[in-house]
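# Notes for the structure review
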Amino acid sequence: MTIDQLDARIVSLLTTEPRIGVLECSRRLGVARGTVQARLDRLAARGVITGYGPDIDPAALGFGVTAFVTLQIRQVAGHVPVADQLALIPEVLEAHTITGGGDMLCRVVARDNADLQRVIDLIVDVQGVVRTSSVIALDTPVPYRILPLVRTAGG
């Protein structure tokens, strides 16, 4: 789905100031409230907007270590059963099937390095996981972001 410039402006404003509401958004953008609401509804229905929740910093919750864990899995049952089990581990924030040397890549968090070992042990215990390899993130010079892409897509 493509978005136009108004969609991009709406998403950009609500991303930078998520608490302003539809009425204030319409006032700042100089368009009708109904237009903003209709655009938001359409973007949500098409899966462009996937949520409105607060962004949470795991480090602020006491999970100061972020690691990326590559998994090799048995190909007999595929990745779905493994992903279902990974979803039960709270410290697994994301899991992606990938190309290359591994089969899945997970972003995980832990309280410290010893706790990371506990999390990796939980992952290795998942039926279908053959081997893992992990790297610890030292810093996040470019955090997850979407606005540059939204602005590019909106023209």
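Just above, that's the structure.
Residues numbered from 1 in each chain as written. Predicted model: local features only at pLDDT ≥ 70, side-chain atom pairs only at ≥ 80, totals over all residues. Heavy atoms only, no water.

### With respect to helix α5 (residues 113-124)
If you check α5, its first and last C-alpha atoms are 16 Å apart, about what 12 residues at 1.5 Å a residue would give, namely 16 Å. Tucked into the core, α5 has its buried residues touching β1 (65-73), α4 (80-86), β2 (92-97), β3 (104-110) and β4 (129-137). Of the residues flanking the start of α5, the one acting as N-cap is aspartate 112, its side-chain oxygen 3.2 Å from the backbone nitrogen of alanine 114. (Helix = DSSP H or I, 4+ residues; strand = E, 2+ residues; numbered from the N terminus. Expected span 1.5 Å × (residues − 1). Contact = heavy atoms within 4.5 Å. Polar contact = N/O pair within 3.5 Å; in protein donor to acceptor, adjacent residues only side chain to side chain.)

### Topic: the layout of surface pockets
Estimated volume of the largest pocket: approximately 1900 Å³. Lining the largest pocket are 47 residues, with Thr15, Asp55, Tyr144, Arg145 and Ile146 positioned closest to its centre. For the lining of the largest pocket, the elements supplying multiple residues, two or more each, are α1 (5-16), α2 (21-29), α3 (33-45), β1, β2, β3, β4 and α6 (147-153). Ranked by residues supplied to the lining of the largest pocket, first place goes to α6 with four residues. Taken together, the residues of the lining of the largest pocket sort by class into 29 nonpolar, 11 polar and seven charged. (1 Å grid on protein atoms, 1.4 Å probe; cavity = no way out; pocket = protein on both sides within 12 Å on 5 of 7 lines; lining within 4 Å. Points joined across faces, edges and corners; volume = space filled by probe spheres on them. Nonpolar A, V, L, I, M, F, W, Y, C, P; charged D, E, K, R; others polar.)

### What about the nonpolar core?
Core analysis: the largest hydrophobic core is formed by 19 residues, its most contacted members being Leu71, Val82, Leu86, Val92, Val108, Leu116 and Ile123. Every element with two or more residues in this core is listed here: β1, α4, β3 and α5. No other element matches β1, which puts five residues into this core. Excluding anything up to four places from it in sequence, isoleucine 123 contacts Leu71, Leu86, Ile89, Val92, Val108, Val129 and Thr132. Ranked by size, the runner-up nonpolar core spans 16 residues in total, among them Leu13, Val22, Cys25 and Leu40. (Core = buried A, V, L, I, M, F, W, Y, C linked by side-chain atoms within 4.5 Å. Buried < 20%, exposed > 50% of the residue type's maximum accessible area, 1.4 Å probe, protein only.)

### Description of the sheet that holds β2
Taken in spatial order, the four strands line up as β2-β3-β1-β4 in an open sheet, and their pairing is antiparallel. Both edges of this open sheet fall to β2 and β4, since each of them pairs with a single strand only. The mean angle between the axes of side-by-side strands here comes to 20 degrees, regardless of whether they run parallel or antiparallel. Looking at chain direction, β1 and β4 are connected through eight bridges and run antiparallel. Bridge pairing in β4 links glutamine 72 to arginine 131. Contacting β1, β2, β3 and β4, α5 runs over the sheet at an angle of about 155 degrees to β4. (Pairing = 2+ DSSP bridges. Axes fitted to C-alpha atoms, helices over the stretch in contact; angles between N-to-C directions.)

### Section: the side chain of serine 26
With respect to the helices and strands, the residue serine 26 is situated in helix α2. A distance of 2.7 Å separates a polar side-chain atom of serine 26 from the backbone oxygen of leucine 23.

### As for the packing of aromatic side chains
Using the criterion set out here, one finds zero aromatic pairs in the structure. The lysine or arginine in question, arginine 111, covers the ring of phenylalanine 63, its NZ or CZ lying 4.2 Å from the ring centre. (Phe/Tyr/Trp six-rings, centres within 6.5 Å; stacked < 30°, edge-to-face > 60°. Lys NZ or Arg CZ within 6 Å of the ring centre and 35° of its normal.)

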